[in-house]
Amino acid sequence: MKVSATAASRLTPPGPDSFGSRLRSAAVAARVGLWLGVCFGLAMATGLISHYAQQPSQPVPFPTHPAWGYRVTQWLHVASGTAAIPLLLVKLWVVFPRLLERPPRTLRRLALTVLERGSIAILVASAITQLTTGLLNVSQWYAWGFSFRRTHYALAFVTIGALLIHIAVKLPVIRDVLGIDIDATMHDRPSARHHGALSRRGLLRLSWIAAGTAVLTSTVGTMPGLSRLSVLAPRSRAEGIPINRTAADAQVTTTATSPDYRCEVTYADQRLVLTRDDLLGFTQHTHTLPIACVEGWSVAGRWTGPRLRDVLAATGAPPGRDVRVSSLQQHGGSRVTILPADFVDDERTLLALALDGEPLSLDHGYPARLIAPNRPGALQTKWVARIEVLG
Amino acid sequence: MRAVLTTLGAALAGYGAWLLLSRESSAQVREALTWLAASVILHDAVLSPVVIALGWFGGRLLPRWAAVGGAALVVLGPVTLIAIPVLGRFGADPTNPTLLGRDYWSGWLVIAVVTVIAACVGARWRELRSPRGRQQEGRVHGARARRRRRSHRA
């Protein structure tokens, strides 16, 4: 009964053997996976740098040199995450047949399979969530009610942990297939024989091109020379240094433009109340420093204003002290920030009053804003209202 | 080595899970868990079957030159997914012209056109370079050979 046998085989649910392409091979998965691992490692390391830089108290002070350190690491963070998206999609396409494998029958093997499958489910879930929420956050599409910062931080450990377990489980296979030619069939399913129009090397090459295209078109929107190529980047240099929180968002338009504006500087029982003209009375210094955002963009500007340490010295405060900087903002994140002593003492740290030769615009922090080298953009307090030297 | 990796991995994942569950309100934790579950379901049950179906039908119903489309899709598919937030301008803020200030649909169109042209050029170049392709160049009945190959595949 040839016909009914064919009909029966058509009725069986799809399994790993339903997939015939030679591209779905451990040799391909391991090579894409290797670079995916590099991307995840880079994202984790640069993410930890950013979280450490934003810690209010740091056992080892975050360095003020090089001034471009934060902008480069945070671009790397976003670029490695963006590059990981095409790589993860290719990787999951390559290993998809394994999702349809039937569980083994013996209890011991079943338990092991459940553990391994469970770790992979956690890895896939957290990896996709990390990449998606990160991507959305960069364009400020906040499609969630949880704290992005806390959740992204927590899930980063889950992702890297599950990834290490995955590597441990697959280590013998990885060693085997990375040691031999990509077209070798070791560890391939017997059904994975079909030669399509694309070779394994071709698929790898396309994956690298996809990752490179994603990085170039989405993440270099504020890089001089490359900005125009980055046609999908949320930011550009067209309007000068980009802005995250506008004066309207922060509801400071009235207080920041009021003639009653004062900047209060305190040290112990000393209290100095300064108008913007008083700040202009200090020796003015100009430094070229970037505003670098955790979202991966950064643009350097020429900032002019008094050195923070000169203003503090007017109260008699000694060097080597942390400083608390408060904004005119009544609410919202980074309203109050702690500036560590090494940043306070750095000669490039300014209370900026002008940007690129023009008085500071309202959205850039008029009447006065903090600008320090190698510091997260969110902590470069705008609309400075109070500076307290801490004991 | 494997034991060290497994132990370290379990410790890191456990620390992350503890951070996730202990630092936010229960409603926020529930939403984060929903994101995690939806990520897997959307990928495994929606995106993957669609891509696999595209590959299956493309491989069987379309002529061989359409494989160029498959190659273009490996690049254009992920790049388009990445472009969704800016194409939809979901995060736009009317008071902030420095955010989402480009014409993203035109940009995407340029990427699509360049990708398809590059895929065609790449495919033609590979064809000319392969020994079979060079043979076919000099022969009138190259099409017949291609047909024969295709029937062999099926």
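All of these numbers come straight from a predicted model, not from anything done at the bench.

### Here we look at the side chain of B:Arg102
Point 1. Considering the arrangement of structural elements, one finds B:Arg102 in the loop between helix 3 (67-87) and helix 4 (104-129).
Point 2. Despite its burial, B:Arg102 pairs with no opposite charge; the closest candidate is B:Asp103, at 10 Å N-O.
Point 3. Polar side-chain contacts of B:Arg102 include one of 3.1 Å to the backbone oxygen of A:Gly221.
Point 4. One polar contact links the side chain of B:Arg102 to the main-chain carbonyl oxygen of A:Ala233, over a distance of 3.3 Å.
Point 5. Apart from the residues lying within four places of it in its own chain, the contact partners of B:Arg102 are A:Gly221, A:Ser227, A:Arg228, A:Ser230, A:Val231, A:Ala233, A:Arg235, A:Ser236 and B:Arg89.

### Quick word on the packing of aromatic side chains
Point 1. Throughout the structure, instances matching the rule amount to eleven aromatic pairs over all chains.
Point 2. Geometrically, the ring pair formed by A:Trp141 and B:Phe90 is stacked, given 3.9 Å between the ring centres and 20° between the ring planes. Here A:Trp141, found in the loop between helix 4 (107-138) and helix 5 (148-178), pairs with B:Phe90, found in the loop between helix 3 and helix 4, and the two come from separate chains.
Point 3. Owing to a relative accessible area of 44%, B:Phe90 belongs among the partly exposed residues under this scheme.
Point 4. Geometrically, the ring pair formed by A:Tyr142 and A:Trp144 is edge-to-face, given 6.4 Å between the ring centres and 65° between the ring planes.

### Considerations on the sheet that holds strand 2 (residues 270-274) of chain A
All names here are of chain A.
Point 1. In space, the five strands of this open sheet follow the order 2-1-11-5-6, with mixed pairing throughout. Either end of the sheet is taken by a strand with one partner, and the two such strands are strand 2 and strand 6 (336-339). Each adjacent strand pair in this sheet contributes to an overall mean axis angle of 15°, direction not counted.

### With respect to empty space enclosed by the protein
Residue and element names in this part refer to chain A.
Point 1. Under the counting rule described, the total for this entry stands at one cavity of 30 Å³ or more.
Point 2. Taken as a whole, the largest cavity spans an internal volume of roughly 90 Å³.
Point 3. Contributing to the lining of the largest cavity are Val78, Val138, Ser218, Thr219, Gly221, Thr222, Ala233, Pro234, Arg235, Glu295, Gly296 and Trp297.
Point 4. Looking at side-chain class alone, the lining of the largest cavity contains five nonpolar, five polar and two charged residues.
Point 5. Split by domain, the lining of the largest cavity shows at least three residues from each of two domains, domain 1 (14-237) and domain 2 (247-389).

### Digging into the domain arrangement of chain A
Residue and element names in this part refer to chain A.
Point 1. We note that the domain assignment places domain 1 (14-237) and domain 2 (247-389) within chain A.
Point 2. Every contact between the two is made by 26 residues of domain 1 and, on the other side, 23 residues of domain 2.
Point 3. Each partner contributes to the roughly 2,000 Å² buried at the junction of domain 1 and domain 2, and carbon and sulfur atoms together form 55% of this total.
Point 4. Ranking the residues of domain 1 by area buried against domain 2 places Thr64, Tyr70 and Arg71 at the top, with a combined share of 31%.
Point 5. Here domain 1 is connected to domain 2 by one salt bridge.
Point 6. A salt bridge links Glu295 to Arg235; the nearest nitrogen and oxygen atoms lie 3.6 Å apart.
Point 7. Connecting domain 1 to domain 2 are ten residue pairs in polar contact (both at pLDDT 80 or more).

### Concerning helix 4 of chain A
Point 1. For helix 4 of chain A, with 32 residues, the first-to-last C-alpha span of 46 Å sits near the 46 Å given by 1.5 Å per residue.
Point 2. A:Gln140 lies just past helix 4 of chain A and shows a positive phi near 60°.

### Observations concerning the nonpolar core
Point 1. A:Phe40, A:Leu88, A:Leu203, A:Leu232 and B:Trp108 are the most contacted members of the largest nonpolar core, which totals 73 residues.
Point 2. Among the elements that make up this core, the one with the highest residue count is helix 5 of chain A (twelve residues).
Point 3. Other than its neighbours up to four places away in sequence, A:Leu203 contacts A:Leu23, A:Val28, A:Val90, A:Trp93, A:Val94, A:Leu198 and B:Val74.
Point 4. Membership of the second largest hydrophobic core comes to 35 residues, among which are A:Tyr70, A:Leu308, A:Leu353 and A:Ile387.

### Some thoughts on the pairing of strand 5 (residues 323-327) of chain A
Two faces make up the sheet, and in a regular strand the side chains alternate between them.
Residues and elements named next belong to chain A.
Point 1. Most of strand 5 is tucked away, with four of its five residues classed as buried.
Point 2. Where strand 5 meets strand 6, four bridges bridge the pair, whose relative direction is antiparallel. Its bridge partner being in strand 6, Arg324 is matched across the sheet by Ile338.
Point 3. Strand direction decides the pairing type here: strand 5 and strand 11 (residues 384-389), joined by five bridges, are antiparallel. Considered in strand 11, the bridge of Val323 is made with Val389.

### Notes on the environment of A:Leu163
Residues and elements named next belong to chain A.
Point 1. With respect to the helices and strands, the residue Leu163 is situated in helix 5.
Point 2. On the basis of relative accessible area, Leu163 is assigned to the buried category, the value being 16%.
Point 3. On a C-alpha basis, the gap between Leu163 and Thr337 in space is 35 Å, while along the polypeptide they are 174 residues apart.
Point 4. Residue contacts for Leu163: discarding those within four places in its chain leaves Gly37, Phe40 and Leu123.

### Let's talk about the sheet that holds strand 8 (residues 354-355) of chain A
Residue and element names in this part refer to chain A.
Point 1. Pairing is antiparallel in the open sheet, where four strands are placed in the order 3-4-8-9. Each edge of the open sheet carries a strand with a single partner, namely strand 3 (284-292) and strand 9 (358-359).
Point 2. Here strand 8 pairs with strand 9 via two bridges, running antiparallel. Bridge pairing in strand 9 places Leu355 opposite Glu358.

### Let's talk about the pairing of strand 11 of chain A
Residue and element names in this part refer to chain A.
Point 1. In terms of burial, strand 11 is a largely internal element, five of the six residues being buried.
Point 2. The pairing of strand 1 (residues 263-267) with strand 11 spans four bridges and is parallel. Across the sheet, residue Val265 finds its bridge partner in strand 11, namely Ile387.

### Points about a nonpolar patch on the surface
Residue and element names in this part refer to chain A.
Point 1. There is a patch of nonpolar side chains on the surface, built from Leu34, Trp35, Val38, Leu42, Leu178 and Trp208 and spanning about 520 Å² of accessible area.
Point 2. Of all the elements, helix 2 (residues 26-53) adds the most residues to the nonpolar patch, at four residues.
Point 3. Assignment of secondary structure puts Val38 in helix 2.

### A word on the side chain of A:Lys170
All names here are of chain A.
Point 1. With respect to the helices, strands and loops of the structure, Lys170 is situated in helix 5.
Point 2. In this structure Lys170 comes out as buried when scored by relative accessible area, which is 18%.
Point 3. If sequence neighbours within four positions are ignored, Lys170 has contacts with Arg98 and Glu116.

Calculation criteria
Numbers given for residues are sequential positions, taken from 1 along each chain in its written order. Each chain takes a letter, starting from A, and each ligand takes a number, starting from 1, following the order in which they are written. Local features in this predicted model are restricted to residues of pLDDT 70 or higher, and side-chain atom pairs are both shown and tallied only at a pLDDT of 80 or more, whereas totals for entire chains, interfaces and linings draw on every residue. Excluded from the side-chain calculation are hydrogens and water; included are all heavy atoms of the structure. Numbering of helices and strands runs from the N terminus, with a helix taken as a DSSP run of H or I at least four residues long and a strand as a DSSP run of E at least two residues long. Only protein chains enter the accessibility calculation, which uses a 1.4 Å probe. A residue is then buried if its area is under 20% of the maximum for its type, exposed if over 50%, and partly exposed in between. Positive charges come from Lys and Arg alone, negative charges from Asp and Glu alone, with His and the N- and C-terminal ends not counted. We define a salt bridge as a contact between a side-chain nitrogen of Lys or Arg and a carboxyl oxygen of Asp or Glu at a distance within 4 Å. Counted as a polar contact is a pair of N or O atoms within 3.5 Å, where, for protein atoms, one must be capable of donating a hydrogen and the other of accepting one, and residues adjacent in sequence contribute only when both atoms are in side chains. The criterion used for residue contact is that any of the two residues' heavy atoms lie within 4.5 Å. Stacked, tilted and edge-to-face are the three classes assigned to paired rings of Phe, Tyr and Trp, where Trp is represented by its six-membered ring and a pair needs centres within 6.5 Å; plane angles under 30 degrees give stacked, over 60 edge-to-face, the rest tilted. Two strands are counted as paired when DSSP detects at least two bridges linking them. For every element, the axis is a line fit to its C-alpha atoms; helices are fit only across the contacting stretch, and the angle between N-to-C directions ranges from 0 to 180 degrees. Here a cavity denotes a set of grid points, spaced 1 Å apart and computed over the protein atoms alone, in which a 1.4 Å probe fits but from which it cannot get out, and a pocket denotes an open set meeting protein on both sides within 12 Å along at least five of seven lines; residues with an atom within 4 Å of a point are reported as lining. Grid points are joined across faces, edges and corners, and a volume is the space filled by probe spheres set on the points. Charged residues are taken to be Asp, Glu, Lys and Arg, nonpolar residues to be Ala, Val, Leu, Ile, Met, Phe, Trp, Tyr, Cys and Pro, and polar residues to be all remaining types, Gly included. Domain ranges listed in this record stem from an automatic or a database domain assignment. Summed over both partners, buried area is the accessible surface (1.4 Å probe) that two parts give up on being assembled. In a helix, the anticipated span is given by 1.5 Å times the number of residues less one. Note on terminology: a nonpolar core comprises buried Ala, Val, Leu, Ile, Met, Phe, Trp, Tyr and Cys residues joined through side-chain atoms within 4.5 Å. Patch membership requires over 30% relative accessible area and the absence of a salt bridge. Like charges are linked within 9 Å, and nonpolar side chains (Val, Leu, Ile, Met, Phe, Trp, Tyr) within 5 Å. Using a 1.4 Å probe, accessible areas were evaluated by the Shrake-Rupley method; residue-level cover was limited to the displayed protein chains.

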